[in-house]
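One-letter residues, chain by chain:
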Amino acid sequence: MLLHDTALIYGRYLRQSLRSRLALLFGLLMPLLYLLFFGPLLTGLPLGGRGSSWQLLVPGLLLQLGLFGASFAGFSVIVEKGQGVLERMRVTPVSRLALLLGRVLRDATVFVLQAVLLVLAAVTMGLRAPLAGVLIGFGFVGLLTVSLGSLSCAVAMRVDTPQSFGPLVNALTLPSMLLSGLMLPMTLAPGWLDVLSHFMPLRYLVDALRDAYVGSYGTDHMLYGALVAVGFALLAVTVGTRVFRTAGA
Amino acid sequence: MAVISAAGLARTFQTKRGPVEAVRCVDLTVREGEILGLLGPNGAGKTTTLRMLTTLLKPTGGAATVAGHDLTTDAAGVRRSCGYVAQSGGVDPQISVREELVTQGRLYRLTRAQASERAEELARELGLTELLDRRCGSLSGGQRRRLDIAMALTHRPKVLFLDEPTTGLDPGSRADLWDLVRGLRDRHGTTVVLTTHYLDEADALADRLVIVDRGVVAAEGTPSALKLRYGGSIDASLQDAFLAITGRGPAPADTAPVAV
């Protein structure tokens, strides 16, 4: 039943996404601008990593796409609460977990699709990376968006207005971006900043993804990155499910 | 035979300014095939009561059964046997009428073929056939209401809960909706519980009224019994009876939330 319901909810929201193709491309705008106008600044700089500056920047941009995109996924929950759609579905026997999963899997699909487009654009800019590493990268984007999407929807169930939701998400996403070394590697940072950034879970994903893009798959970075990504996803979906089960209060 | 029975149903919300007792103690018995009108000032606890009876909110006190299913131990059973139309309705304005109806059928675990057949059937019954391929957002207020009700009837529920179904409708659409509700009861034996602020509606449509005030049942009976008892004569208006029962005008005098 969970599978049936999740597929049903997923289908409903995916059709919704496909109806607004323009919105699908808009989500790509921010990372694409970074790629075009920020990427070229890095090509000649000593960044300390292996491989080209693109192999360092593109993993960061992929996770940025996931971070900013999925964190705002809850907006659709707020809209649907206002329309009464969510409540109408909650009166049916549909699985509560499916109401969350169908939604976040749609988000993951959309963001992985956007990630593919971003990588293609990066290839035209000069990115060269092993295919396996690129595919691993999509896996990380998928996991990150499922995690952040679940948390975002959970928070959205508890707040009533977009006005209180937006600033809250902004207050969390920007420090996450800066402290995880998305744009430039934390190896360039002074000691205190490097230490601080280790408390930011996203940092481990960034490190793992950069390793994947230079073809190093058996590293500590990769192990920690995978553990953090999977652990975070389990935690986030658990929290999201709890909130979706009990919501209404 | 009672299709809904509630005893001491209560719900307290924990807010930043302390607990709010939206529903303090509601006892309710609804017979099968009855049209019951739930009246009360804003904030009296009508919507909260409906949301508890439809499993959207867990009661903090009391117990109830709906169509033989216990509210707390068999929420799935309650969901299978009741339909609910919230004040706001519940369709996505971007989606077509057909898609919403079919998806709703699938949420009630119909197969794809059954769901599209049921969508056609509901559209015929509620006069939506011509509108099936329109976007929900393009429907008029009365058409939207009929769609909301069609969605809630997907699984042929024994009990239908309607929260202020005619608010915002023009007089013609209101009359249509009354006929629709009566027709449901007459043809399918559906029990209907509806809230309303329109006393003429309650008078014309409901077999029996329950007046809720400050989270408790203040009075109940047939419209004429209430007029006789609280309005002084059978010719009194329901308005007189209502004001006598609630002891004030329809405007809220306390600060309980309108709908939580």
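Residues numbered from 1 in each chain as written. Chains lettered and ligands numbered in written order. Predicted model: local features only at pLDDT ≥ 70, side-chain atom pairs only at ≥ 80, totals over all residues.

- Chain B has the name ATP-binding cassette domain-containing protein in an unreviewed UniProt entry, where Streptomyces cylindrosporus is given as its organism.
- Comment text from UniProt for chain B, heading Subcellular location (unreviewed entry), reads "Cell membrane". (UniProt positions renumbered as here; feature names shortened; annotations may be inferred.)

- In the nomenclature of an unreviewed UniProt entry, chain A corresponds to Transport permease protein from the organism Streptomyces cylindrosporus.
- You can read under Sequence similarities (unreviewed entry) in the UniProt record for chain A the words "Belongs to the ABC-2 integral membrane protein family."

## Notes on the pairing of strand β2 (residues 18-31) of chain B
Residues and elements named next belong to chain B.
And step 1. Of the pairings in the sheet, the one linking strand β1 (residues 2-15) to β2 comprises ten bridges and is antiparallel in character. Bridged to Leu9 within β2 is Val26.
And step 2. If you look at the hairpin formed by β1 and β2, you'll find two residues sitting between the two strands. (Pairing = 2+ DSSP bridges. Helix = DSSP H or I, 4+ residues; strand = E, 2+ residues; numbered from the N terminus.)

## Examining the pairing of strand β10 (residues 216-221) of chain B
Residues and elements named next belong to chain B.
And step 1. Note that strand β9 (residues 208-213) and β10 share five bridges and pair antiparallel. Directly across from Val212, in β10, lies its bridge partner Val217.
And step 2. In sequence, β9 turns back onto β10 through a hairpin of two residues, with Arg214 there showing a positive phi of about 50°.

## Here's the deal with the UniProt feature "transmembrane region" (unreviewed entry) in chain A
And step 1. Taking the UniProt record as the reference, the feature "transmembrane region" (unreviewed entry) is found at residues 22-42, 54-79, 100-125, 131-156, 168-193 and 222-244 of chain A.
And step 2. In residues 22-42 of chain A, the share of helix is 86% and the share of strand is 0%. The end C-alpha atoms are 30 Å apart.

## Focus: the environment of Ser20(A)
Residue and element names in this part refer to chain A.
And step 1. Its place among the elements puts Ser20 in the loop between α1 (2-19) and α2 (21-26).
And step 2. For Ser20, a count of 11 C-beta atoms within 10 Å puts it in the exposed group.
And step 3. Sequence separation between Ser20 and Pro167 is 147 residues, and the spatial gap between their C-alpha atoms is 25 Å. (Buried ≥ 20, exposed ≤ 12 C-beta atoms within 10 Å, placed from the backbone.)

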